[in-house]
Amino acid sequence: MSLDIGLIWNVAVDWMANGLWDLSWWQLLLYTLFTTHITIAAVTIFLHRSQAHRSLDLGPIPSHFFRFWLWLGTGMVTKEWVAIHRKHHAKCETEDDPHSPQTRGLGKVMREGAELYRVEARNQETLKKYGHGTPDDWMERNIYRHSVLGPSLMLILNVALFGVIGLTIWAVQMVWIPFWAAGVVNGVGHFWGYRNYEASDASTNLVPWGIIIGGEELHNNHHTYPTSAKFSVKPYEFDIGWAYISVMQKLGWAKVKKTPPRLRSGAVKPVADELTLEAIIANRYEVMARYARGVRAAVQQELEGLKARKAQQADVSLLKSAQRWLHRDAEKVPANAAGQLAQARAAHPVIDQMLVMREELRQLWLNTTLSREQLTGQLQAWCQRAEASGIAALKDFSIRLRAVHA
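Analysis parameters
Residues numbered from 1 in each chain as written. Predicted model: local features only at pLDDT ≥ 70, side-chain atom pairs only at ≥ 80, totals over all residues. Heavy atoms only, no water. Helix = DSSP H or I, 4+ residues; strand = E, 2+ residues; numbered from the N terminus. Buried < 20%, exposed > 50% of the residue type's maximum accessible area, 1.4 Å probe, protein only. Areas by Shrake-Rupley, 256 points an atom, 1.4 Å probe, with all protein chains shown as cover. Lys, Arg positive; Asp, Glu negative; His and termini not counted. Charge placed at Lys NZ, Arg CZ, Asp CG, Glu CD. Salt bridge = Lys/Arg side-chain N within 4 Å of Asp/Glu carboxyl O. Phe/Tyr/Trp six-rings, centres within 6.5 Å; stacked < 30°, edge-to-face > 60°. Patch = residues over 30% accessible without salt bridge, like charges linked within 9 Å, V, L, I, M, F, W, Y side chains within 5 Å. Axes fitted to C-alpha atoms, helices over the stretch in contact; angles between N-to-C directions. Parallel < 35°, antiparallel > 145°, perpendicular 65-115°, else oblique. Contact = heavy atoms within 4.5 Å. Polar contact = N/O pair within 3.5 Å; in protein donor to acceptor, adjacent residues only side chain to side chain. Core = buried A, V, L, I, M, F, W, Y, C linked by side-chain atoms within 4.5 Å.

### Describing the overall build of the protein
When its secondary structure is counted, the protein shows 19 helices and 6 strands. In terms of its C-alpha atoms, the protein occupies a principal-axis envelope of roughly 100 × 50 × 40 Å. Counting over 406 residues, the protein shows a buried share of 47%. Summed over all atoms, the accessible surface of the protein reaches about 20,600 Å², with 61% contributed by carbon and sulfur. Across the protein, 45 positive and 37 negative side-chain charges occur, with their mean positions spaced 4 Å apart.

### Focus: the pattern of salt bridges
All chains considered together, the criterion is met by 21 salt bridges. Salt-bridge contacts for D136 lead to R141; the nearest nitrogen and oxygen are separated by 3.9 Å. Residue D136 is classed as exposed on the basis of its relative accessible area of 55%. The class of R141 is partly exposed, set by a relative accessible area of 41%. In this structure, R195 and E198 form a salt bridge, with 3.6 Å as the shortest nitrogen-oxygen distance. Exposure class is identical for R195 and E198. Each is buried.

### Some remarks on the packing of aromatic side chains
This structure, assessed with the given rule, holds 13 aromatic pairs. Considering the side-chain rings of F65 and F66, the 5.8 Å spacing of their centres and the 55 degrees angle between planes classify their relative orientation as tilted. Residue classification places F65 among the partly exposed residues on the basis of a relative accessible area of 38%. For the ring pair Y291 and W382, a centre distance of 6.3 Å and an interplane angle of 55 degrees mean the geometry is tilted. Of this pair, Y291 sits in helix α14 (residues 284-308) while W382 sits in helix α18 (residues 372-387); the two residues are 91 residues apart in sequence, bridging distant segments of the chain. Its relative accessible area of 2% is what places Y291 among the buried residues.

### Some remarks on a nonpolar patch on the surface
A cluster of nonpolar side chains, contributed by W25, W26, L29, L30 and L33, occupies part of the molecular surface with about 590 Å² of accessible area. Within the secondary structure layout, W25 lies in helix α2 (residues 25-52).

### What about the environment of A314?
Following the sequence through the fold, A314 ends up in helix α15 (residues 313-323). Put simply, A314 and V268 are 46 residues apart on the chain and 42 Å apart in space, counted from C-alpha to C-alpha.

### What about the packing of α14 against helix α17 (residues 349-366)?
Relative orientation of the contacting elements α14 and α17 amounts to 175 degrees, with a least axis distance of 10 Å. Relative to α17, the element α14 is oriented roughly antiparallel. Touching R284, V287, M288, Y291, G294, V295, A298, V299 and E302 of α14 are V350, I351, M354, M357, R358, L361, R362 and W365, all from α17.

### What about the side chain of H190?
Note on placement: H190 falls in the loop between α10 (165-187) and β2 (209-210). When its relative accessible area of 0% is taken as the criterion, H190 is described as buried. Of the polar contacts made by the side chain of H190, one reaches the side chain of H88; its length is 3.3 Å. Within the structure, the side chain of H190 is placed 3.4 Å from the side chain of H223, a separation counted as a polar contact. Setting aside its immediate chain neighbours within four residues, H190 contacts H88, C92, E93, P101, Q102, V185, A202, S203, T204, H219 and H223.

### Section: helix α12 (residues 240-250)
Listed in full, the buried residues belonging to α12 are I240, G241, W242, I245 and M248. The inward-facing, buried residues of α12 abut α2, β1 (56-58), α3 (60-73), β2, β3 (238-239) and β4 (254-256). With a side-chain oxygen lying 3.0 Å from the backbone nitrogen of G241, the N-terminal cap of α12 falls on D239. After α12 finishes, the residue G252 shows a positive phi value of roughly 80 degrees.

### Here we look at the nonpolar core
The biggest cluster of nonpolar side chains holds 41 residues, and the ones touching the most others in it are Y291, M354, L361, L379, W382, L394 and L401. For this core, the secondary-structure elements that each account for two or more residues are α13 (274-282), α14, α15, α16 (335-347), α17, α18 and α19 (392-401). With 8 residues, the top contributor of residues to this core is α14. In this structure, Y291 is in contact with M354, M357, R358, L361, W382, L394 and F397, ignoring residues within four places of it in sequence. Residues A52, M76, W242 and A254 belong to the second largest nonpolar core, which totals 33 residues.

### Considering unusual backbone geometry
Excluding glycine, most residues fall at negative phi; most peptide bonds, likewise, are trans. Although it is not a glycine, D22 adopts a positive phi angle of roughly 50 degrees. With respect to the helices and strands, the residue D22 is situated in the loop between α1 (2-18) and α2.

### Points about the environment of S265
Position of S265 among the secondary structure elements: in strand β5 (residues 264-265). It is 21 Å that separates the C-alpha atoms of S265 and R372, two residues lying 107 residues apart in sequence. Residue contacts for S265: discarding those within four places in its chain leaves R290, A403, V404 and H405.

### Some details on the environment of A335
Summarising the element assignment, A335 is placed in helix α16. Given a relative accessible area of 75%, A335 falls into the exposed group. A335 sits 71 residues away from A406 along the chain, and the two C-alpha atoms are 37 Å apart.

Okay, here's the thing in structure tokens:
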């Protein structure tokens, strides 16, 4: 009897130490990274791009797999996630935004992002208004809506396969989305990073290589073109979520509905016409990004002129400090930087004129009271003034603008 107890004890100790698979430390690490990456892929492809924004349709195989995996690995309910995210876009950077660091503070979103999600998930008005079109079949109503059951099964599976270390693996799996999605993307992705486009919110791209968070690193691109299935827009940017979607599309498992618009150029027209206007409005973010490059070129010329004249360092520093805000919409310039910007514009008429004309150009798509013919006339007048301005960057931009088409 004592031998049997000893044997059972030894087996139990061995199982707690190694589990059924008895993997090495690096194999356990690979398993953890592999499973958490599947979770990231499920969130960005299924919940975000397919369900929330309808930028692609998924076939039954990937769709049901992602639903099952998200239930198992996160316990998140599709309708809740989709509703909260849609509300985030609808109310972005306002007090009604469920998780904006601009209104709630970066620290709070980073530390309590998951709790902010849970609070909003209990808001039935949010679910009713923004949760439409999500799965409502038998599996969703009877299985997947039970957010505790899935993670509990994942815990049992991990402990059975890996022993006590399975508890740690499970903990990592459970905090992966709250940290990366609820914290980093929702928090840092609206606070710090670079911006390709002057979207109406504070969204930023964290890094140009969207691998760890499945492409969600390219958050400014996404907020600029929210219905696009592809998040990368520049040649140096990489969206691994889009790579997976491309493979699934070749397999017939996915159908992409929309990607970022492309601003095409052809022969330069003698004058801008309605088709030019249509292309500019459809691609306004890219147009303004190109204009920003022209502003930077003009600033560089002004700085070289200051150096050639051996201007005071204060004048050089003023322009360099203001340079950061020259491409921003007036309402996006912080109050503490507005004074410097005004001084720089007063000291550099070329820069001031470019910013004045930038705002005039922006009014082409902001003005909703004028007809297409009137807006086309304004565009033609704008191009004439730009090309007669004597500012090389402005003239070059206008000529290129007359060549764009949808």
